[in-house]
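Each chain, written out:
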Amino acid sequence: GDTATYYATLADALAVAQYRSGANVYALTDCNDDFTIPASVSFYGRDNSFGGNVTNKGDIREGTFNGELTNEQFIHGGTFNGTVINHDTIVGGTFNGNVTNYDRIYDHFDDDRFTLGDDFTIENNGTISCDYHHWKDGVCRLCAYACTHADGTAANCTSGPICSVCGYEYGEALGHTIVEGSYADNSNGTHSFTCSVCGNVTEEHSGGTATCTTQAD
């Protein structure tokens, strides 16, 4: 019903919830103990963090999990900073560590359901399906799909073509077309010239370092 019951500890609340099908459990404080979320329980960790190892047999909706999490049912949301071992279904969340998938990960609902941190890695032994890809260098970080690239921004003198789908630069730059007689070395370590395509250009010198016996390339 709509009546809330408060328990002294998270363990007490979870112990009671396992006998109430469809129960919602809302955490009120942080917890560093190991615990199990029972089957048919929806767990709302709110803004609290959980430092122990957690086994989920229910449905995680919220919370920050810093220990190892073993998922045996559903993850709809939450932040996971430790290792996640998935044996059932993940459909959302923020993942900042390693995920080992043995069953299903679906990114189908909206384009901000999943967030992948810089240290996210995945070992996939199951099924991963994305409607919303998480691109890095032309490859989805979640499902490993490689973009086939579509025309976006055309190549120019300094940049190759940029894919309109994944944002990856997938070809070579065209390079400058230097107007004859326009090249000049400057005293500040740069050189200048006029490109017939993009106009006046000033660049820093490059090509290595000269030694006593050899010139820079």
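Residues numbered from 1 in each chain as written. Predicted model: local features only at pLDDT ≥ 70, side-chain atom pairs only at ≥ 80, totals over all residues. Heavy atoms only, no water.

Visitor: Describe the overall build of the chain, listing the residues and the values that go with them.
Guide: Each helix and strand in the chain was counted, giving one helix and 21 strands. A compact globule built from 217 residues should have a C-alpha radius of gyration of about 17 Å, whereas the chain, at 27 Å, is more than 25% larger. In terms of its C-alpha atoms, the chain occupies a principal-axis envelope of roughly 85 × 40 × 35 Å. Relative to its 217 residues, the chain shows a buried fraction of 34%. The contacts of the chain with a sequence gap of at least 6 include a subset with a gap of at least 24, amounting to 10%. When the accessible area of the chain is evaluated, it comes to approximately 12700 Å², of which 44% is carbon and sulfur surface. The averaged location of the 29 negative side-chain charges in the chain is 16 Å from the averaged location of its 8 positive side-chain charges. (Helix = DSSP H or I, 4+ residues; strand = E, 2+ residues; numbered from the N terminus. Rg over C-alpha atoms; globule rule 2.2 N^0.38 Å. Buried < 20%, exposed > 50% of the residue type's maximum accessible area, 1.4 Å probe, protein only. Contact = heavy atoms within 4.5 Å. Areas by Shrake-Rupley, 256 points an atom, 1.4 Å probe, with all protein chains shown as cover. Lys, Arg positive; Asp, Glu negative; His and termini not counted. Charge placed at Lys NZ, Arg CZ, Asp CG, Glu CD.)

Visitor: Quick rundown of the nonpolar core? Include the residues and the values.
Guide: Among the nonpolar cores identified, the biggest contains 31 residues, and Phe 35, Phe 43, Phe 65, Phe 95 and Leu 142 are the most heavily contacted of them. Those elements giving two or more residues to this core turn out to be α1 (10–17), β2 (35–37), β3 (42–50), β5 (59–65), β14 (114–116) and β16 (127–130). With four residues, the single largest contributor to this core is α1. Residues in contact with Phe 65, not counting those within four places in the same chain, are Phe 35, Phe 43, Phe 50, Val 54, Ile 60, Thr 79, Phe 80, Asn 81 and Gly 82. (Core = buried A, V, L, I, M, F, W, Y, C linked by side-chain atoms within 4.5 Å.)

Visitor: An account of the sheet that holds strand β12 (residues 98–101) is needed here, citing residue identities and associated values.
Guide: What links the strands of a sheet is backbone hydrogen bonding, and the strands pair in either a parallel or an antiparallel sense. Taken in spatial order, the six strands line up as β2-β4-β6-β9-β12-β15 in an open sheet, and their pairing is parallel. Two strands in the sheet have a free side with no partner beyond their single neighbour: β2 and β15 (121–124). On average, each strand axis in the sheet is inclined to that of its neighbour by 15°, with strand direction left out of account. (Pairing = 2+ DSSP bridges. Axes fitted to C-alpha atoms, helices over the stretch in contact; angles between N-to-C directions.)

Visitor: Could you give me a rundown of the packing of aromatic side chains, with the residues and numbers involved?
Guide: For the coordinates displayed, the defined rule picks out ten aromatic pairs. Ring geometry for Tyr 26 against Tyr 44: centres 4.7 Å apart, planes inclined by 20°, an arrangement best described as stacked. Of this pair, Tyr 26 sits in strand β1 (residues 24–26) while Tyr 44 sits in strand β3, placing them 18 residues apart in sequence. By relative accessible area, Tyr 26 is classed as partly exposed at 38%. Classification of Tyr 44 by relative accessible area gives buried; the value is 19%. Members of the aromatic cluster, each reached through a chain of ring pairs, are Phe 35, Phe 43, Phe 50, Phe 65, Phe 80, Phe 95 and Phe 114. (Phe/Tyr/Trp six-rings, centres within 6.5 Å; stacked < 30°, edge-to-face > 60°.)

Visitor: Account for the side chain of Thr 70, naming residues and giving values.
Guide: Here Thr 70 lies in strand β6 (residues 69–71). The residues touching Thr 70, leaving out its near neighbours within four places in the chain, are Val 54, Thr 55, Asn 56, Ile 85 and His 87.

Visitor: Explain the pattern of salt bridges residue by residue, including any values.
Guide: Summed over the entire model, instances satisfying the criterion amount to four salt bridges. A salt bridge links Glu 72 to Lys 57, with the shortest nitrogen-to-oxygen separation between them at 2.7 Å. With Glu 72 in the loop between β6 and β7 (74–75) and Lys 57 in the loop between β4 (54–56) and β5, the pair connects residues that are 15 residues apart, well separated along the chain. We classify Glu 72 as partly exposed; its relative accessible area is 32%. Residue class for Lys 57 comes out partly exposed when judged on its relative accessible area of 34%. Asp 103 is the salt-bridge partner of Arg 104, the closest N and O atoms lying 3.7 Å from each other. We classify Arg 104 as partly exposed; its relative accessible area is 29%. Classification of Asp 103 as partly exposed rests on a relative accessible area of 22%. Three or more residues joined by partner-sharing salt bridges are found here, namely Asp 88, Asp 103 and Arg 104. (Salt bridge = Lys/Arg side-chain N within 4 Å of Asp/Glu carboxyl O.)

These figures come from the coordinates and say nothing about function on their own.
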